[in-house]
Amino acid sequence: ERYNIFDIWTNLFRPPQNENEGFIPDYNPKNGQEYDFIVVGAGSAGCVVANRLSEVPQWKVLLLESGGNENYFSDIPIFAPFLSITPMNWGYTSEPEQKACRDLRGHVCYLPRGKVLGGSSVLNFLIYQRGHPDDYNDWVRMGNDGWSYEEVLPYFKKSENIKIQELKNSTYHGLGGYLDIDHAPYSSSLNTAFREAGEELGYEWNDPNGEKLIGFSKPQATMRNGKRCSSSKAFLEPIRFRRNLKVSKHSTVTRIIIDPFTNIAKGVEFIKNNKRRKVYARREVILSAGSIGSAQLLMLSGVGPKEHLRELGINNLVNLPVGYNLQDHVTFSGNAFIVNASGLCINDITAASPSSAAAYMMGDGPLTIPGGAAGLAFTQTEFARDLAPGRPDIELVMGAGSLAGDLLGIIRSMLGITDNWYREVYGSLPLEDRQRSFSLNPILIRPRSVGRVTLRSSNFSDQPKIHPNYFEHPDDLQAMKEGVRFAQRVINTNGFQRFGTRLHSAPFPNCEGFLFNSDEYWECAIMQTSITLDHQVGTCKMGPKSDPTAVVSPRLLVHGMQRLRVVDASVIPRIPASHTHAPVVMIAEKASDLIKEDWEGSI
Ligand SMILES: Cc1cc2nc3c(=O)[nH]c(=O)nc-3n(C[C@H](O)[C@H](O)[C@H](O)COP(=O)(O)OP(=O)(O)OC[C@H]3O[C@@H](n4cnc5c(N)ncnc54)[C@H](O)[C@@H]3O)c2cc1C
């Protein structure tokens, strides 16, 4: 292991908070080296798997990650959107969509994914949500034995170290795990208004990871002392000197080495420092490269849809529906609500002020707001026809600021919103109002539309083609519109009207032909600017062998292959009504136990 100058430089500014933190040494695997397990990708899932497998001292584990270190800025919760315009993002974009992202730069959706130790848990907005118990019971109904809520709850709790005082005795939360969960220490009157609004509308102020999901709450976040607690900080840093775990950074895997006669995964080929190397696994190769990365690697290695691979000249070893079943959560975040008092909302000028920086040093202040999200609400609309009462189909995220307050253009860059669009919609708004604005963003958490990932070519460096197909199912657009109306009901409560809260009403470009605030207007606005919440899942779907749409078994082994597993967001068969980091960490915890069970006799 060695520290290079760049490592030392970035870590100079990120002093460890305790002995569990500290930067991870880089290992340089030699060509031809053998390990027991090779884990591809140090993201939300990969960090957990590498930690849990290397608990067995006899097992040699190699973790390969394409990106490098986190840094001081990636730890600052409110700066999350900023990270998507750095090299920590793989920088994927969708193919042009019919019903979404029509007004965004290049008419495509921006799909950030983490390329850094910690993966997308470093880019994400820190929100910790698990979804509804029946989301997991549905997985069992799809043939995935062992994944019921009752069976996965212990794995959510295993990784968790709940820091929220009133939840420490809750049967739904865990204490002493690697992953710190906390509220942001900062609140403003906006939080009070949100709570009051919920109560006025008949919703409970609740623990959304507890007994009931529907309700209003302050976001629970992957946070330690007001800073981001990524998967890497939580699961890798405390074990960075474990002798049987090697972490190789800046190592991009381009292919899985598979014996074409036996379909046994033998190892992987990767590039580091411009050199191509091969490393071998005595027991298993585990793909934790994420919903895009794992699907891409499988297909490039000959595991995927026969016809598609044949068109690209790739020898097909197993015909499997890799890349299908892409599901995601889309959100409508273009609206700004203006209040008549200062000190409630956060914009980029408040965030960049010396007083905010000083408060952050003490683990407090507005910079600790997770990705700018100050409140969450879950509700069920009339379009949730297939859902039992208590299962929401719309989530509302209250942003402490809004797109209108994005004076420096950082949020615009992340979302792909053009400067022209910003000028047309918010240009007429006085500067003071832009700074006194916040957002209420509805999220479609039970989407019916399904997309697909395909290869662009047989070359790893060509970005895969991603077709999310947002709003392809007509109910999705209707449910999202209900989300916009729900936000309006929240604003019309006394809680918010105390501050004279109003919706900014300049029409969105290309929707001026519709009467502002009519149903048709919102349908148009949603299709012009909706963006992803970056929850892509499902491209290597988990299901029994009898399911023709499944890629991996309920034990996460790739069907028709040997010694090859996928452990990440891609195995999720149906997206839960939840932000996806917590479910992925749970999957990785459970997968680690499945792997240990499978190799029990031969440790
Ligand atoms: C901007 C953003 C905001 C989000 N906000 C939230 C939120 O607030 N709450 C929440 O719960 N979820 C959120 N999510 C989603 C959540 O973070 C992801 O669902 C989760 O991190 C996915 O975990 P994963 O392990 O499947 O993939 P990732 O965490 O993306 O990990 C994959 C890893 O594999 C590496 N990799 C990929 N290909 C290769 C290769 N060929 N060779 C070597 N390494 C490779 C990547 O660099 C990456 O480190 C957000 C995501 C993003 C991008």
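Conventions used here
- Positions within a chain are numbered from 1, following the residues in the order the chain's sequence is written.
- Whole-chain, interface and lining totals are the exception, using all residues; otherwise, since this is a predicted model, local features are given only for residues with pLDDT of at least 70 and side-chain atom pairs are given and counted only at 80 or more.
- The basis for the side-chain values is all heavy atoms of the structure; hydrogens and waters are excluded.
- At least two bridges found by DSSP between two strands are what make those strands a pair.
- What counts as a helix is a DSSP run of H or I of at least four residues, what counts as a strand is a run of E of at least two, and both are numbered from the N terminus.
- Each domain span listed reflects an automatic or database assignment of domains.
- Only heavy atoms enter the contact rule, under which two residues are in contact if any of them lie within 4.5 Å.
- Values labelled buried area give the accessible surface lost by two parts on being combined, using a 1.4 Å probe and summing over both.
- When a carboxyl oxygen of Asp or Glu is within 4 Å of a side-chain nitrogen of Lys or Arg, the pair counts as a salt bridge.
- Residue polarity follows a fixed list, in which Ala, Val, Leu, Ile, Met, Phe, Trp, Tyr, Cys and Pro are nonpolar, Asp, Glu, Lys and Arg are charged, and the others, Gly among them, are polar.
- Working definition: with a 1.4 Å probe on protein chains only, accessible area under 20% of the residue-type maximum means buried, over 50% means exposed, and in between means partly exposed.
- Here a polar contact is taken to be a pair of N or O atoms separated by no more than 3.5 Å, where protein atoms must pair a possible hydrogen donor with a possible acceptor and residues adjacent in sequence count only if both atoms sit in side chains.
- For each residue, the test is whether any non-hydrogen atom lies within 4 Å of the molecule or strand; if one does, the residue is near.
- Using a 1.4 Å probe, accessible areas were evaluated by the Shrake-Rupley method; residue-level cover was limited to the displayed protein chains.

## What about the pairing of strand E6 (residues 179-182)?
For step 1, the next point in the chain: Relative to E6, strand E5 (residues 160-162) runs parallel, the two being bridged by three bridges. Residue pairing across strands places Ile162 opposite Ile181, the latter belonging to E6.

## A few points about the domain arrangement of the chain
For step 1, the next point in the chain: By domain assignment, the chain separates into domain 1 (1-184 + 228-322 + 535-603) and domain 2 (185-218 + 330-446 + 472-529).
For step 2, the next point in the chain: Here the C-alpha centroids of domain 1 and domain 2 sit 30 Å apart.
For step 3, the next point in the chain: Contacts between the two partners involve 40 residues from domain 1 and, on the opposite side, 45 residues from domain 2.
For step 4, the next point in the chain: Across the domain 1/domain 2 interface, buried area totals approximately 3900 Å², and carbon plus sulfur atoms make up 58% of it.
For step 5, the next point in the chain: Of all residues in domain 1, Ile78, Asp103 and Ala184 give up the largest surface area on contact with domain 2, accounting jointly for 19% of the area buried on that side.
For step 6, the next point in the chain: Inspection of the region where domain 1 meets domain 2 yields four salt bridges.
For step 7, the next point in the chain: Linking Asp135 and Arg446 is a salt bridge whose minimum nitrogen-to-oxygen distance equals 3.2 Å.
For step 8, the next point in the chain: Of all the secondary structure elements, the ones that give two or more residues to the side of domain 1 that touches domain 2 are helix H3 (80-83) and helix H5 (133-141).
For step 9, the next point in the chain: Its residues placed into classes, the side of domain 1 that touches domain 2 shows 23 nonpolar, seven polar and 10 charged.

## A word on the sheet that holds E5
Strands belonging to one sheet form pairs held by backbone hydrogen bonds; the direction of such a pair is parallel or antiparallel.
For step 1, the next point in the chain: Across the sheet, which stays open at both edges, the four strands sit in the order E5-E6-E8-E9 with mixed pairing between neighbours. In this open sheet, the two edge strands, each paired with only one partner strand, are E5 and strand E9 (227-228).
For step 2, the next point in the chain: Inspection of the sheet shows strand E8 (residues 221-224) paired to E9 by two bridges, in the antiparallel sense. Bridge pairing links Met223 to Arg228 in E9.

## Structural notes on unusual backbone geometry
For step 1, the next point in the chain: Even without glycine at this site, Cys101 takes up a positive phi of about 55°.
For step 2, the next point in the chain: Following the sequence through the fold, Cys101 ends up in the loop between strand E3 (92-93) and strand E4 (110-111).
For step 3, the next point in the chain: A residue is classified by how much of its surface remains accessible, and Cys101, at 0% relative accessible area, is buried.
For step 4, the next point in the chain: Of note in this structure, Asn510 is not a glycine but carries a positive phi near 70°.
For step 5, the next point in the chain: Turning to its location among the elements, Asn510 is positioned in the loop between strand E23 (502-503) and helix H18 (519-529).
For step 6, the next point in the chain: Take Asn510: its relative accessible area is 52%, and that puts it in the exposed class.

## With respect to the side chain of Ser353
For step 1, the next point in the chain: Within the secondary structure, Ser353 is located in the loop between helix H11 (348-351) and helix H12 (354-361).
For step 2, the next point in the chain: One polar contact links Ser353 to Ser356, side chain to side chain, over a distance of 3.0 Å.

## Things to note about the environment of Ser356
For step 1, the next point in the chain: Inspection of the secondary structure puts Ser356 in helix H12.
For step 2, the next point in the chain: Judged by relative accessible area, which is 3%, Ser356 ranks as buried.
For step 3, the next point in the chain: Separated by 198 residues in sequence, Ser356 and Lys158 have C-alpha atoms that sit 34 Å apart.
For step 4, the next point in the chain: When residues no more than four places from it in sequence are discounted, the contact partners of Ser356 are Thr350, Ala351, Pro366 and Leu367.
For step 5, the next point in the chain: Only 2.7 Å separates the side chain of Ser356 from the backbone oxygen of Thr350, close enough to count as a polar contact.

## A look at the site of the ligand
For step 1, the next point in the chain: Near the ligand lie 39 residues; those nearest to it are Ser44, Glu65, Ser120, Thr580 and His581.
For step 2, the next point in the chain: Val253 is positioned with one of its backbone polar atoms (N or O) 2.8 Å from a nitrogen atom of the ligand.
For step 3, the next point in the chain: Measuring from an oxygen atom of the ligand, one finds a backbone N or O atom of His581 at 2.7 Å.
For step 4, the next point in the chain: Considering the ligand on its own, with 1000 Å² of exposed area, one finds that the protein chains cover 98% of that surface.
For step 5, the next point in the chain: Elements represented by at least two residues in the shell around the ligand include exactly helix H2 (44-53), helix H4 (120-123), strand E11 (252-259), helix H9 (290-300) and helix H19 (581-598).
For step 6, the next point in the chain: Here the element with the most residues in the shell around the ligand is H4; it accounts for three residues.
For step 7, the next point in the chain: For the shell around the ligand, a count of residues per class yields 17 nonpolar, 17 polar and five charged.

## Examining the side chain of Asp75
For step 1, the next point in the chain: Position of Asp75 relative to the elements: it lies in the loop between strand E2 (61-64) and H3.
For step 2, the next point in the chain: When residues no more than four places from it in sequence are discounted, the contact partners of Asp75 are Arg14, Glu70, Lys227, Arg228, Lys233 and Tyr360.

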